[in-house]
Amino acid sequence: MQNSLKFKQITAFVIAAVLVCGIFSFFVVSKNGAVMAADETVIELTIDNAEMTVNGQPQAIDENGTVPLITEGRTLVPIRAIIEAVGGDVSWDGESRETTLTYNDNIIVLTIDSTTAYLNGSEKTLDAAPAIIGGRTMLPVRFIAEGFGFDVDWNDEEKTITITVGDSASVEITNNTEDDDVVTENTDEAVTEGTGETVTTEAGGTITTDENASVVYFTSDISPEGIMAVYNKLGFEPEGNVAIKLSTGEPPASNYLDPDLIKDLVQSVNGTIVECNTAYGGSRASTAMHKQVAEDHGFTAIADVDIMDEDGSMEIPVEGGDNISVDYVGTHLANYDSMITLSHFKGHAMGGFGGAIKNMSIGVASSEGKCYIHTAGASTTTFAGGTQDNFLESMAEATKGVVDYFDGKIVYVSVMNNLSIDCDCNGHPAEPEMNDVGILASADPVALDQACVDIVYAADRSESGSLIDRIESRNGLHTLEQAEKIGLGSRTYNLVDINE
């Protein structure tokens, strides 16, 4: 159903109006066209040949002369060379005989001589088991490539495997904004100003004019002045030591928040930027490495940076959860009296989207706590074993533990720019297809995340389709369902444009 609404008549639809008024034109050139993405990587290997090519340049697979081979009708390759050629990470646990592959924020765990594998925590069955041959770990190429979203082609005559990695599309975006009437889609009924009536969004939220509902403030001004203005609307007065929770971003090219954007807010409260180490490897898996990344990305230039699990984990209780009853966070969390959560809203390969809830759960969790959430309380040492929905529910539950810990002395600000389908823990994110939107703030993390998701769903599908696909393919909205169920916050909110 479509309802025609005056743009300035209903503040509850301000953000959707901005998006729907924007006319976005996309010109995509396919692989067969004249334009190809500069970041596409093509790797070619040949059975029984110790040399591979990367974008046409020959190189040895490794120093030992390892070659791809076919066993029991399945192609096995020395995967380290491939993953590292595209910027991924490979780790080996000799005791458990497990290989963990990380590319972007996808994780594959395989065990030697076992046909059971885990893709982002979900159990999968392989056609061929990994094996150690000639001192090298040989893995099934097609499962790994398709799990990471690579294209794989097999030439039977030449016995070659071609793996294509990256985005083959070239995107041009133009934006023309009108000031006239707005047509909103995917709504059940119109909202009339001042009546307290509501409308249900396609993503399951409820936008209302009820002044008693959770308030989400919005500004389209993505600037230091804009972020201060929307934060100040919250009327928050932090106490004592103030933690500023954000993502420091995975090198070399993730979409972390610009320190210049947040500097004034951080310094206005004398805040300390806080983070915890990763559990998937990468450049932030140890405190020393993580601090170097924080420096390289400009965060130490604006504030002190504390890696909260430098000295290990501590437990905090989780009340009302269906999966976990404790959350493992960095021990340094005990040093803070208040928290401001600064989140970059975007997609996420495992959660579907990442916003305030993801930042508060996975982000505040120690490396052990991250595993605990991913496995819904089954393990503190591995991501493998949990189901997708239980992982999503555990994120909501862990966030509630953190929110309860601060007992009201916490607020949330989310920036909707660089809207990639990939998280800031991805050093090689996909290019954003949505235009930048603005900055939102709330005292309710559920309402804030719901508003961000509703904005994505309200946008034209030609720009938001990939991000919506990412959210739905991971059942990401279930995080919000669980969050509301356990009392973390509300999916019903009053949207207020501070510039109106």
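Below, the structure is looked at part by part. (Residues numbered from 1 in each chain as written. Predicted model: local features only at pLDDT ≥ 70, side-chain atom pairs only at ≥ 80, totals over all residues. Heavy atoms only, no water.)

Notes on the sheet that holds strand S8 (residues 89–93)
In step 1: Taken in spatial order, the 5 strands make up an open sheet running S8-S9-S10-S11-S12, and their pairing is antiparallel. At either margin of the open sheet sits one strand with a lone partner, and together these are S8 and strand S12 (122–125). Strand-to-strand twist across the sheet, computed as the mean angle between neighbouring axes with direction ignored, equals 20°.
In step 2: Where strand S10 (residues 106–111) lies against strand S11 (residues 116–119), 3 bridges are found, and the strand directions are antiparallel. Its bridge partner being in S11, Ile108 is matched across the sheet by Leu119. (Pairing = 2+ DSSP bridges. Helix = DSSP H or I, 4+ residues; strand = E, 2+ residues; numbered from the N terminus. Axes fitted to C-alpha atoms, helices over the stretch in contact; angles between N-to-C directions.)

Here we look at the packing of helix H9 (residues 388–406) against helix H12 (residues 477–485)
In step 1: Two elements in contact, H9 and H12, have axes whose closest approach is 8 Å; the angle formed by their N-to-C orientations is 50°. If you check the angle between H9 and H12, you find them oblique. For the element pair H9 and H12, the recorded crossing hand is right-handed. Listed contacts from H12 to Asp389, Leu392, Glu393, Met395, Ala396 and Glu397 of H9 are His478, Thr479, Gln482 and Ala483.
In step 2: Its residues assigned to classes, the contact of H9 with H12 comprises 4 nonpolar, 3 polar and 3 charged. (Parallel < 35°, antiparallel > 145°, perpendicular 65-115°, else oblique. Left-handed = near helix turned anticlockwise from the far one by under 90°. Contact = heavy atoms within 4.5 Å. Nonpolar A, V, L, I, M, F, W, Y, C, P; charged D, E, K, R; others polar.)

Concerning the sheet that holds strand S22 (residues 242–245)
In step 1: The strand order across the open sheet formed by 10 strands is S19-S20-S32-S21-S31-S30-S27-S22-S23-S24, and the pairing between neighbours is mixed. Because the sheet does not close on itself, it has two edges, and the strands there are strand S19 (198–200) and strand S24 (305–307). On average, each strand axis in the sheet is inclined to that of its neighbour by 30°, with strand direction left out of account.
In step 2: In terms of strand pairing, strand S23 (residues 272–275) meets S24 through 3 bridges, oriented parallel. Residue pairing for S24: Ile273 is matched across the bridge by Val305.
In step 3: Those strands touched by helix H10 (residues 445–458) are strand S20 (206–208), strand S21 (214–219), strand S30 (410–416), strand S31 (438–442) and strand S32 (492–497), and its axis lies near 10° from that of S30.

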